Amino acid sequence: MRTVRGLSALERAVAALRKKGRVGFVPTLGALHEGHLSLVRRAKKENASVVVSIFVNPLQFGPKEDLRRYPRNLRADAALLKKAGVDLLFAPSAEDFYKNDFETQVVLPGLSRGLCGRSRPTHFAGVATVVLKLLNLVRPQALYLGQKDYQQYRVLKQMAKDLAVPVDVKLCPTLREKDGLAMSSRNIFLSKTERQEASGIFRALLEAKKEILEGVGSATSLRKAIVRRLSLLRGGKVDYVEVVDAESLKPVVQLRLHRQVLVAVAVFFSRARLIDNCLVRVGKK
Ligand code: AMP
């Protein structure tokens, strides 16, 4: 595996990879875990080479968020990626990636408004901007994203469609710990008790999925039931619970009027905000 830090070194290295066939790309913030590696494995299966980026992108962190203390461990990450058979790791510095006069922003106001966008109003513009630039540099045939960040997937899929970016955007399942907690680089910020309580997020989602499949009609009562359940988590504070259409991300009223819905939640613990979701096919429409 080669590691490059500069933008022109990256372009030269990917030019060589492209000659060998399809390139799959996995953008990350680093502090890698099995969830990230599952994306890499899928990319390896479907492409001749795999490029991974590790970049704690300042644009996607709000002024009061955890940019400074976001876990960074490039050496350990590189070892994991090498073992997973990644061809090229791109790990730029923020100064190099965003020159002083950088000013462009990619904004998708509709898809970015709800869910995480409510408490993180500038987050998805930061994500769309960095990923479009990364795609322009790497020019991969396929982009691999995790379902845990489903809103991010929808934003990037829509961006690729709207701006005719020639990339296939692939959604990969959320990898979980044994007790169901979605793997996340931020889980290390949980205390022991919080870590135990946090598995209740997945149980609440499973319960919601069951209720939808059993035919609960109103999204409002479903939402209220999930909020009630999550409020019982000691040390947790519900940021949001939403039932939205899986494509438009607009709030759902009558579940049966939608083909597929997303139940998405975010919960604050003392040092980490955790998100999770489940997709449920309702069937009609
Ligand atoms: P991040 O480093 O948190 O920006 O994540 C990089 C990519 O890995 C994103 O596409 C995430 O959705 C994905 N990802 C993060 N956690 C998981 C997980 N538990 N399972 C699958 N994919 C994940």
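Residues numbered from 1 in each chain as written. Predicted model: local features only at pLDDT ≥ 70, side-chain atom pairs only at ≥ 80, totals over all residues. Heavy atoms only, no water.

## Topic: the packing of helix α8 (residues 192-213) against helix α9 (residues 219-231)
Relative placement of two packed helices is described by the angle separating their axes and the distance separating the axes.
Part 1 of the reasoning: Axis separation between α8 and α9 bottoms out at 10 Å; the angle between their running directions is 155°. When the interaxial angle is binned, α8 and α9 end up roughly antiparallel. Seen along the crossing, α8 lies across α9 with a hand that is right-handed. Contact residues: α8 offers Gly200, Ile201, Ala204, Glu207, Ala208, Glu211 and Ile212, while α9 offers Leu222, Ile226, Arg229 and Leu230.
Part 2 of the reasoning: By residue class, the composition of the contact of α8 with α9 is seven nonpolar, one polar and three charged. (Axes fitted to C-alpha atoms, helices over the stretch in contact; angles between N-to-C directions. Helix = DSSP H or I, 4+ residues; strand = E, 2+ residues; numbered from the N terminus. Parallel < 35°, antiparallel > 145°, perpendicular 65-115°, else oblique. Left-handed = near helix turned anticlockwise from the far one by under 90°. Contact = heavy atoms within 4.5 Å. Nonpolar A, V, L, I, M, F, W, Y, C, P; charged D, E, K, R; others polar.)

## Looking at the site of the ligand
Part 1 of the reasoning: Neighbouring the ligand are 16 residues, the closest being Leu29, His36, Asp149, Leu175 and Met183.
Part 2 of the reasoning: Separating an oxygen atom of the ligand from a side-chain N or O atom of His36 is a distance of 2.9 Å.
Part 3 of the reasoning: Surface burial for the ligand is 94%, taken as the share of its 480 Å² of free accessible area covered by protein chains.
Part 4 of the reasoning: For the shell around the ligand, the secondary structure elements donating two or more residues are β2 (23-28), α2 (34-46) and β5 (142-146).
Part 5 of the reasoning: Broken down by element, the shell around the ligand gets its largest block of residues, three residues, from α2.
Part 6 of the reasoning: Tallied by class, the residues present in the shell around the ligand amount to seven nonpolar, seven polar and two charged. (Near = heavy atom within 4 Å. Polar contact = N/O pair within 3.5 Å; in protein donor to acceptor, adjacent residues only side chain to side chain. Areas by Shrake-Rupley, 256 points an atom, 1.4 Å probe, with all protein chains shown as cover.)

## Concerning the environment of Cys278
Part 1 of the reasoning: Here Cys278 lies in strand β9 (residues 273-281).
Part 2 of the reasoning: Expressed as a C-alpha distance, the spacing of Cys278 and Lys209, which sit 69 residues apart in the sequence, is 7.4 Å.
Part 3 of the reasoning: Other than its neighbours up to four places away in sequence, Cys278 contacts Gln147, Leu205, Lys209, Val261, Leu262 and Val263.

## Some words on the side chain of Asp245
Part 1 of the reasoning: Relative to the helices and strands, Asp245 is located in strand β7 (residues 237-245).
Part 2 of the reasoning: Residue Asp245 is classed as buried on the basis of its relative accessible area, which comes to 10%.
Part 3 of the reasoning: A polar atom in the side chain of Asp245 sits 2.8 Å from the side chain of His258.
Part 4 of the reasoning: Sequence-distant contacts of Asp245, defined by excluding residues within four places in its chain, comprise Lys250, Val252, His258 and Gln260. (Buried < 20%, exposed > 50% of the residue type's maximum accessible area, 1.4 Å probe, protein only.)

## Overview of the state of the cysteines
Part 1 of the reasoning: Counted according to the given criterion, the structure contains zero disulfides.
Part 2 of the reasoning: There is no disulfide at Cys116, and the cysteine sulfur nearest it, in Cys278, is 15 Å away. (Disulfide = S-S within 2.5 Å.)

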